[in-house]
Amino acid sequence: MLDTPARETGTGSGTTWTRKDLLDTDTLSREEIDLVLQTARGMKEVRSRPVAKVSTLRGVTVATLFYEQSTRTRASFEVAAKSLGADVVNLTASGSSVEKGESLIDTVRTLEAIGTDVIVMRHFRSGAPYLAARHTGASIINGGDGTHAHPTQALLDLFTMVSHLGSVEGRRVVIVGDILHSRVARSNAWTLLRLGADVTLCGPATLLPRWFVPEVPGGGRCTVTTDFDRAIEGADVVMALRMQKERQQRGLIPSLREYIAGYQVNARRLERAAPGALLMHPGPMNEGVELSPDVAHGAQSRIEEQVANGVAVRMALLYLIAARSRA
Amino acid sequence: MNDILLIRGGRVLDPAAGLDAVLDVLVADGVVAAIGPALDAAGARVLDAGGCIVAPGFVDLHAHLREPGFEQKGTIATETEAALRGGFTTVCAMPNTRPAPDCGPVLESILDLLRRHARVRVFPIGCVTRERAGKELAELAELAAGGVVAFSDDGSPVSDPRLMRNALALAGTLGLPLSEHCDTPEMHTNGAMNEGAVSERLGLPGQPAAAEATAVARNIELAAATGARLHIAHVTTARAVELVAEAKARGLPVTCEVTPSHLFLTEAAVAGNGQEPAYDTNAKINPPLRTEADRRALLRGLEAGVIDAIATDHAPHAVEDKLVEFEDAAFGISCFESAAGTVFTLAARGELRIERAIAALTSGPAACFGLAERSPGVGRLEPGVSRDVVVIDPAAEWVVDPTGWVSKGKNTPLGGHRLTGAVRAVIIDGTLRWEREGASV
């Protein structure tokens, strides 16, 4: 198994990965994004083999450091790392020295000292991975920070879209839900705009940004609107975000009932999108809230595919970052 | 060692006296002895102030000396030494110490520490409420008798409107101003920076500008209802400046201050200049750095005299208080040793008239808290009375390097910034107490 999947696929573009960390998608170039997608295609092929495992990252240690609960992101990274032959250490805030008050900086330095090459980190504070990355020589992959960014989710979403649409250039993607507090929406906006898609961010006024509209020079256009029924018309991709029930208690929405009336993706609304539009959700879903169960499991749903693609995309990122650090 | 000192040929600026001319200043017998052209003093040490500005010692209405209780962040000795080097010869100390001065005995113990360790003149500010908790009033009359120059709960706004009304009524009868941090915390969830494009970009909880304006408006109405003197601490928004202007036009005894940080920086400092967002905890301050439109409104308000004073809100912190996730980091900027530099840089850029800057650092703040009644000549250069003088070189270029500061707080977002204008010499009680290295005498 000396052949690395990336070599099998090749990139052709000549772009190489030079980043120590992946903190967000905002600074990724079109070429870097293409490199991730191409590498992920090779990884998807690996995942389809009878023995879905290579030894490319043998001797590499990957730590998952999760300060916040997660099912799919942590599991997805663990499977991705193990599929590449890396050793994996899993740490959560509870049950580690974090509970004794160890600082983030000391924690990542400790992980580095025991020989960790890549730290996949999820934190409830926006910007925490940036702090960590500045204070460790280990690579940091942001697995979601507060209400800021979730770059690997955005890249797996993009991978899923591209695998169906060929390219997202000139396509229209509607993201609906709690945009203001969504790390998924923000990171998706950066990759999609960079690749020339038009992005509509949609939700009730209290859950939308008031001042900030993502902008990528030479990229697609981003609009922000409260009118979902108009926004979904002709959309090529509809992405619903998880609506947290506590938003109602905090007075941000009057009730889930009213939210559903205005913003739930259901069969009636999905009909107004482009024929065969892709329905996506980063999970975990509140079925019956942001999505009606029939569309969540319907023909247009790509939700399970997103999860499967997540492993391939995370393999690609681990490979690109770890191979770089060993070069 | 009350030597005779002749400060020769500087531009002497005493806004209170309407004085702005190239003159000599003679310092002798612990006071400014004479101001005039071509003064002669046999045996006097001569400080050549050609090209420099000679002004009254600066007066700061808002500083955190951290002692007692937070000596790891700063002590009275270190922070007043930093004040001295920043040109501040008179400092009003905020009461967020542990214990906080909410009654006579605590105040007396703090005054005792100040007598022993302070390197500049320090006036204490007393609490509005017991332990600054916003529940019960502090013993205001006892604090007034003990010598506080104002009341404030510092960074903890008095939220309860009835308690605030009563506090103002009592402060009014005592003749003392109440300095209030104007925020409406109920309007946001632990806002860590200004609510706006940058907070939305970085995914950080923001403080809306309306949270400041709402509190300013409420407190002005309560001041009007009670007749008390209200001082708005560190205004940061355009709307707050308008509200203060309106209150002044009504003839209400309302004053306000602005910090050098809010005059010089915007919310953009949190994100930094790099390609990736910096989440710079050294730019985390409460109230937060606002927008460029707000910054310009603050400069206009200062120019127009709506804003009376430039106050540092000097807030030193230990390294570990800032080396954490942004939302968990302490609020505050260590400001004493960069304040004059930032203000004179604004003057050098043409954003602020130097005469106005000097007034807002001297006579303006002295008048807000009536400090000349307690220490004659404070904020002025009155021959025979005033005791403190600062000499500024408005053309001196320097780069901010907090590692060399005497303040224990190295927490500044200005590290590496090039500034124009530096404090060159500081005289307190008629004695040359500090001189900038490399300045020739």
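Calculation notes
Residues numbered from 1 in each chain as written. Chains lettered and ligands numbered in written order. Predicted model: local features only at pLDDT ≥ 70, side-chain atom pairs only at ≥ 80, totals over all residues. Domains from an automatic or database assignment. Contact = placed C-beta atoms within 7 Å. Helix = DSSP H or I, 4+ residues; strand = E, 2+ residues; numbered from the N terminus. Nonpolar A, V, L, I, M, F, W, Y, C, P; charged D, E, K, R; others polar. Expected span 1.5 Å × (residues − 1). Buried ≥ 20, exposed ≤ 12 C-beta atoms within 10 Å, placed from the backbone. Arc of directions from axis to C-beta. Pairing = 2+ DSSP bridges. Axes fitted to C-alpha atoms, helices over the stretch in contact; angles between N-to-C directions.

Novice: Help me out: how do you make sense of the domain arrangement of chain A in this one?
Specialist: Size of an interface, as often reported, equals the accessible area lost when the parts are brought together. Residues and elements named next belong to chain A. When the domains of chain A are assigned, the result is domain 1 (5-150 + 308-326) and domain 2 (151-302). Each of domain 1 and domain 2 was reduced to a C-alpha centroid, and the two centroids are 25 Å apart. Listed as interface residues are 27 residues of domain 1 and, on the opposing side, 22 residues of domain 2. Of all the secondary-structure elements, those providing two or more residues to the side of domain 1 that touches domain 2 are α2 (30-48), β4 (139-145) and α13 (303-326). Each residue belonging to the side of domain 1 that touches domain 2 can be placed in one class, and the counts come to 10 nonpolar, 11 polar and 6 charged.

Novice: What should I look at first to understand helix α7 (residues 183-194) of chain A in this one?
Specialist: Helical geometry note: an α-helix holds 3.6 residues per turn, so side chains three or four residues apart project in the same direction. Residues and elements named next belong to chain A. Taking 1.5 Å per residue, 12 residues should reach 16 Å; α7 reaches 17 Å between its end C-alpha atoms and fits that length. Burial runs high along α7: 12 of the 12 residues are buried. Turning to α7, its buried residues are Arg183, Val184, Ala185, Arg186, Ser187, Asn188, Ala189, Trp190, Thr191, Leu192, Leu193 and Arg194. Next to the buried residues of α7 lie α2, β4, α6 (151-165), β5 (172-176), β6 (198-202) and β7 (222-225). Two residues or fewer after α7 comes Gly196, characterised by a positive phi angle close to 90 degrees.

Novice: Could you clarify how one ought to interpret helix α4 (residues 104-113) of chain A in this entry?
Specialist: All names here are of chain A. Taken together, the buried positions of α4 are occupied by Leu104, Thr107, Val108 and Leu111. Down the axis of α4, the sector holding all buried residues measures 90 degrees, keeping them to one side. Of the residues one or two after α4, Gly115 is the one with positive phi, at around 100 degrees.

Novice: Hey, could you run me through unusual backbone geometry in this one?
Specialist: Cis geometry marks the peptide bond from A:Gly283 to A:Pro284; its omega dihedral reads -5 degrees. Position of A:Pro284 among the secondary structure elements: in the loop between β9 (278-280) and α12 (293-296). Going from B:Asn286 to B:Pro287, the amide bond is cis rather than trans, its omega being 0 degrees. Turning to its location among the elements, B:Pro287 is positioned in the loop between α9 (268-271) and α10 (292-304). Phi is positive for B:Ala38, close to 45 degrees, though the residue is something other than glycine. Mapping B:Ala38 onto the fold places it in the loop between β3 (31-36) and β4 (45-48). Notably, B:Glu131 is not glycine yet its phi reads approximately 55 degrees, a positive angle. Within the secondary structure, B:Glu131 is located in the loop between β8 (121-124) and α3 (140-146).

Novice: Would you mind going over the interface of chain B and chain A with me for this structure?
Specialist: In this complex, chain B contributes 17 residues to the contact, which on the side of chain A involves 20 residues. Classifying every residue of the side of chain B that touches chain A gives 8 nonpolar, 3 polar and 6 charged.

Novice: How should the sheet that holds β7(A) be read in this particular structure?
Specialist: Across a sheet, strands are paired by hydrogen bonds formed along the backbone, either parallel or antiparallel in direction. Residue and element names in this part refer to chain A. Taken together, 5 strands build an open sheet; the order of strands is β7-β6-β5-β8-β9 and the sheet is parallel. A strand with exactly one partner marks an edge of an open sheet, and here the two such strands are β7 and β9. Put simply, the sheet's adjacent strands are angled 15 degrees from each other on average, direction ignored. The pairing of strand β8 (residues 237-240) with β9 spans 3 bridges and is parallel.

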